[in-house]
Amino acid sequence: STQSTWGTTKDVDGLHPHNIARLFSKGRGQSFLPCTPKGVIKLLDMMGVSIEGQHAVVLGRSDVVGLPVSQLLLRRNATVTICHSRSADMKSIVQTADIVVAAVGKPGLVKADWIKPGAVIIDVGTTPVEDPTKKQGYRLSGDVDYEAAKEVASMITPVPGGVGPMTIAMLLENTVDGFERRRLQSPLV
């Protein structure tokens, strides 16, 4: 892949195979974390959510979000369950979650009756759905039925405006980090 031709020191997206390998080997060595998963954890921290000891359900097993965010939650001592398209009775699994990270790309998949009262919902999904009332003819929709879920969840991220800005912020953070690392290695740069 294209990422594998880049050096790990320039992989501010955190998607180079070596950076992913470091993520899954308990972070040994310096590496960049993938931006969206890193942003999810940062959001939880900023919202004052205790991750340790909580049951986190991650909907989706992609290499870009689902698996990396699962690993980051494990690093923070959450009990993690990953659900995917072949998971049986996903609703009953989600109903046990203290933290839900939805990243499957299925607009409105998670309904209010899926959510344990007081759970924290991080909606990573951003799928365009037809909307003739919008100038561009569509709007972005998350994986969670936001209007219904906000009545049950203690906290929920909107789509758009929730995880997306955090992804951009983490990309900028990784970029500055990469510059600093390089500067320390080659002070004349």
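Only a predicted model underlies this, so the values are computations on that prediction, with no experimental measurement involved. (Residues numbered from 1 in each chain as written. Predicted model: local features only at pLDDT ≥ 70, side-chain atom pairs only at ≥ 80, totals over all residues. Heavy atoms only, no water.)

Caption draft 1: Quick look at unusual backbone geometry. Cis geometry is adopted by the peptide bond preceding Pro 160, which originates at Val 159 and carries an omega value of -5°. As for its placement among the helices and strands, Pro 160 is situated in the loop between β7 (155-156) and α6 (163-185). With phi around 70°, Asn 77 is a residue other than glycine that occupies positive phi space. Residue position: Asn 77 is located in the loop between α3 (66-75) and β2 (79-83). Positive phi, close to 50°, is recorded for Asp 89, a residue that is not glycine. (Helix = DSSP H or I, 4+ residues; strand = E, 2+ residues; numbered from the N terminus.)

Caption draft 2: Summary view of the pattern of salt bridges. All told, the structure shown has eight salt bridges when counted by the stated rule. Residues Glu 173 and Lys 42 are paired through a salt bridge, measuring 3.4 Å at the closest nitrogen-oxygen approach. With Glu 173 in helix α6 and Lys 42 in helix α2 (residues 35-46), this pair connects stretches of sequence that are 131 residues apart. Glu 173 gets classed as partly exposed once you look at its relative accessible area, which sits at 30%. Given a relative accessible area of 31%, Lys 42 falls into the partly exposed group. A salt bridge links Asp 98 to Lys 116; the nearest nitrogen and oxygen atoms lie 2.6 Å apart. With a gap of 18 residues between them, Asp 98 in the loop between α4 (90-94) and β3 (99-102) and Lys 116 in the loop between β3 and β4 (120-123) connect regions that are remote in the sequence. Overlapping salt bridges, with partners in common, bring together Lys 38, Lys 42 and Glu 173 in one network. (Salt bridge = Lys/Arg side-chain N within 4 Å of Asp/Glu carboxyl O. Buried < 20%, exposed > 50% of the residue type's maximum accessible area, 1.4 Å probe, protein only.)

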